[in-house]
Amino acid sequence: MLEVNKIREDREKIITALAKRNLHLSDTLDRIVELDDRRKQIQAESDVLLNESNTIAKQIGELFKQGKRDEADALKARPAELKDAISAFKEEMNTVEDSIRDLLYTIPNTPHDSVPLGKNPEDNEVVLEEGKIPVLYDKAVPHWDLADTYKLIDFELGVKITGAGFPVYTGKGAKLQRALIAFFLDEAEKAGYEEVIPPHVVNEASGYGTGQLPDKEGQMYHMPIDDLYLIPTAEVPVTNLFRDVILSVDQLPLRRSAYTPCFRREAGSYGKDVRGLNRLHQFDKVEIVVIDHPERSYATLQNMVAHVQGLLQKLELPYRILRLCGGDMGFTSALTYDMEVYSAAQKRWLEVSSISNFETFQANRLKLRFKGDDKKNQLAHTLNGSALALPRILAALLENNQTPEGIRIPAALVPYTGFNLIS
RNA sequence: GGAGAGAUGGCAGAGUGGUCGAUUGCGGUAGUCUUGAAAACUACUGAUCUUCACGGGUCCGGGGGUUCGAAUCCCUCUCUCUCCGCCA
């Protein structure tokens, strides 16, 4: 959520920045400032009345103590008069504040200066491409065939017990999942991230805190009986650990990692995008979250990207880094790097990580602040990234490492799997 | 699922209609003392809106009501805890 004061101060900058998302919101911004002006006016006027009313009430109290009942009764008339005016102000205040908030909820974060112009994924900027695209042997097949051949994943069994997009991992397939999770968590720990195991279900307030609500209402699984949501990413519970928190400046940066399953309804997806492991309703992911000082947050973002790069290098996967264009960025992000791996049998790039700086956008909703050196509270910056999401990593590992003898496991994973070949 | 209790400042915990934004303790910050530290003592120490400032307003889980006046009374919602039941 943007800050109203920033909208006042940096109106032109914000309009320009939002134009990168192909949004033209100057009218909305002006409306917000207009409403906020009214809010201030109401408060100033009602403060005067409240002050008068409070003062008289105190006098009445004094007079009662002194036993001067008649004088006290005589004073009661004025506050009674003020009451209606005060409650009218209060009512208008509520509607004005609601309107401001509702408008703010519709505005996405302002893209960082470095965000490229563009409308769709083709306009994303390739920052780096690294690793050798493997040349597969003649009979190479996509991962869903490999999963079947080697009995690693049973998609149909998942359909039976739940539905499409809920695979059952079996045998070495299951072991490989566990190995990847442990590997990612260990690497995160080495990089200074403290592991947490959060709830996999969150309440409505948490959904609002990180911005999934109200924007992506239909993307989360909702359980109306208890009004709880299955998490679409560990970002939600882990970032919300710090909701309504005032940190001291020396606690920053705060680094956390978490493995969780992630649940997404993926309404509207179809075709080759959902084949095999490409897009699931339930998948596993290790997420890294950082709360940091505004002055440092972009350096931190680069560190997070470097960390994920390291993971991909250790897994020996060809990857590329994209800087998302304004049209392809998430609602809450100011700058996002996507990491994609090349899946050699499908002959396509698959997104395996998305690393973003949200600046104060989430912190403003979360009321996540720190007490600066000047003793004033200011909003912290929040960042997060996948490190990493499993299914597409698995897809690329299977496809890229297939040989006539079987599927080779990268050396970095062998200590975790206990085997170096799936045959 | 049944019954009961409760929600107050970073934490603990008073306060049951009138200088209560809130006693006190702990914690935190600064100072005195000390070679230094600890202890002790002293002072300060919530958030938020508004204002150039002085100041003023709001906040005792959320919302509403009673009253001249509500942390205190009433209604309602949410959450937490305890006991019983069930159970990994």
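For clarity, every value in this text was computed on a predicted model and none was experimentally measured.

**Student:** Can you walk me through the protein's contact with RNA strand B in this structure?
**Tutor:** Contacts to RNA strand B come from 18 residues, most closely from Q43, D47, A57, R369 and K371. Backbone sugar and phosphate groups make up 60% of those atoms of RNA strand B lying within 4 Å of the protein. Taking Q43, its side chain carries an N or O atom lying 2.5 Å from a sugar or linking oxygen of RNA strand B. At 3.4 Å from a phosphate oxygen of RNA strand B is found a side-chain nitrogen or oxygen belonging to N54. Within the residue set of the surface near RNA strand B, elements represented by two or more residues are α3 (26–65), α5 (77–106) and β14 (369–371).

**Student:** Honestly, the nonpolar core in this entry has me stumped. Any pointers?
**Tutor:** As a rule of thumb, nonpolar side chains are buried together in soluble globular proteins. Counting residues in each nonpolar core, the largest one holds 56 residues, and the members touching the most others are F184, L312, V341 and I393. Apart from the residues within four sequence positions on either side, L312 is in contact with L317, Y319, M339, V341, V352, L388 and I393. Of all hydrophobic cores here, the second largest spans 24 residues; its members include I14, L18, L29 and L104.

**Student:** I would appreciate a short explanation of the pattern of salt bridges in the present structure.
**Tutor:** By the definition in use, this model includes 22 salt bridges. Linking D98 and R101 is a salt bridge whose minimum nitrogen-to-oxygen distance equals 3.6 Å. Here R101 and D98 lie together in helix α5, a separation of 3 residues that amounts to about one turn. Judged by its relative accessible area of 35%, D98 falls in the partly exposed class. Taken together, the shared-partner salt bridges in this structure form one network comprising R8, D36, D37 and R39.

Parameters and conventions
Residues numbered from 1 in each chain as written. Chains lettered and ligands numbered in written order. Predicted model: local features only at pLDDT ≥ 70, side-chain atom pairs only at ≥ 80, totals over all residues. Heavy atoms only, no water. Near = heavy atom within 4 Å. Polar contact = N/O pair within 3.5 Å; in protein donor to acceptor, adjacent residues only side chain to side chain. Helix = DSSP H or I, 4+ residues; strand = E, 2+ residues; numbered from the N terminus. Core = buried A, V, L, I, M, F, W, Y, C linked by side-chain atoms within 4.5 Å. Buried < 20%, exposed > 50% of the residue type's maximum accessible area, 1.4 Å probe, protein only. Contact = heavy atoms within 4.5 Å. Salt bridge = Lys/Arg side-chain N within 4 Å of Asp/Glu carboxyl O.

Interpretation in functional terms is not warranted from these geometric data alone.
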